[in-house]
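Per-entry structural report
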Amino acid sequence: MIEMHVAADKDVLGRQAAALGAQAIREAIARDGAASIIVATGASQFEMLAHLVEAEGIDWSKVTAFHLDEYVGLPESHPASFRRYLRERFLAPLKNTPTFVPVDGEGDAAAAVKQLNRQIAGRRICVCFAGIGENCHLAFNDPPADFETGEPYLVVTLDDACRQQQFGEGWFPSFDAVPQQAISMSIRQILKSELIVLSVSDSRKAEAAKAALEGPVSNLSPASILQTHPRTVLFIDPAAAALLDRKG
């Protein structure tokens, strides 16, 4: 079962999620001398990242940071680029910067996937930060998601609901401007993470949250697969939790 904490507001949510993830990073560095993590992007991660970069006791130079996804064909200079997002909101505020492994979909996407798969192979991921899409996607694994592939990263086609969310959040000037493909971390790779920290907020995520937590495990609700993960912790605000039967 996914562990759930209802936070009073987005700032509290972000602070609690960052604190749990930061503790996992500190423990990994103490245990192994280094830590590998996965960071996420999008509006759901704003507050979490703001608190994570302020976390005490982390030598970020000992951290390797992967991330979940990036659009195919989008330059890093574009406001919607996830590489740009992470350089500005995650890397720039840090005094000691981690080794950052960018997902670069500008050139040959298939070649980029092969390189990423080599880079993440064999890594012990101490924490994966993530969110849930309005269509219940996990990373850019839209329904029906591939629950079987063992490849760490893959090229995916984005469904209309996903693209509408990206437009609706203000990342693109129009729906048609949202790319149709992306490079995404696979479901199986995400599930290899020792700890998954979910940040979910806003009423527009309420149906997806209910499907993920209380619906059947189905590739039509990709985030529902997290019900099978041994340690997924969800931080959610009251608006996103409004449809849940569970209250904690």
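Before any of the text, the structure's been laid out above.
Right, let's walk through the structure included here. This one's a predicted model, so the numbers in the text were calculated from it and none came from an experiment.

What follows concerns helix H7 (residues 206–214). The complete set of buried residues in H7 reads Ala-206, Ala-208, Ala-209, Ala-211, Ala-212 and Leu-213. Next to the buried residues of H7 lie strand E1 (3–6) and strand E10 (232–236).

By secondary structure assignment, the location of Ser-36 is in strand E2 (residues 35–39). Here Ser-36 falls in the buried class, since its relative accessible area comes to 6%. Among the polar contacts listed, one links the side chain of Ser-36 to the side chain of Arg-123, at a separation of 3.2 Å. Filtering out sequence-adjacent residues up to four positions away, Ser-36 remains in contact with Thr-64, Arg-123, Arg-124, Ile-125, Cys-126 and Val-127.

The omega angle of the peptide bond from Pro-143 to Pro-144 is -5°, so this bond is cis rather than trans. In this fold, Pro-144 is placed in the loop between strand E6 (125–130) and strand E7 (153–157). Its identity as a non-glycine residue notwithstanding, Ala-139 has a phi of 55°, on the positive side. Positioned with a positive phi, Asp-202 is a non-glycine residue whose angle comes to about 85°. The residue Asp-202 is located in the loop between strand E9 (196–200) and H7 in this model.

Within the open sheet, the seven strands sit side by side as E1-E10-E9-E6-E2-E3-E5. Their pairing is parallel. Across the chains shown, the open sheet's two edge strands, defined by having one partner strand only, are E1 and strand E5 (99–100). In this sheet, E10 lies alongside E1 in parallel orientation, the contact comprising four bridges. The residue of E10 that forms the bridge with Val-6 is Ile-236.

Conventions we followed
Residues numbered from 1 in each chain as written. Predicted model: local features only at pLDDT ≥ 70, side-chain atom pairs only at ≥ 80, totals over all residues. Heavy atoms only, no water. Buried < 20%, exposed > 50% of the residue type's maximum accessible area, 1.4 Å probe, protein only. Helix = DSSP H or I, 4+ residues; strand = E, 2+ residues; numbered from the N terminus. Contact = heavy atoms within 4.5 Å. Polar contact = N/O pair within 3.5 Å; in protein donor to acceptor, adjacent residues only side chain to side chain. Pairing = 2+ DSSP bridges.

Shape descriptors only; they carry no functional weight alone.
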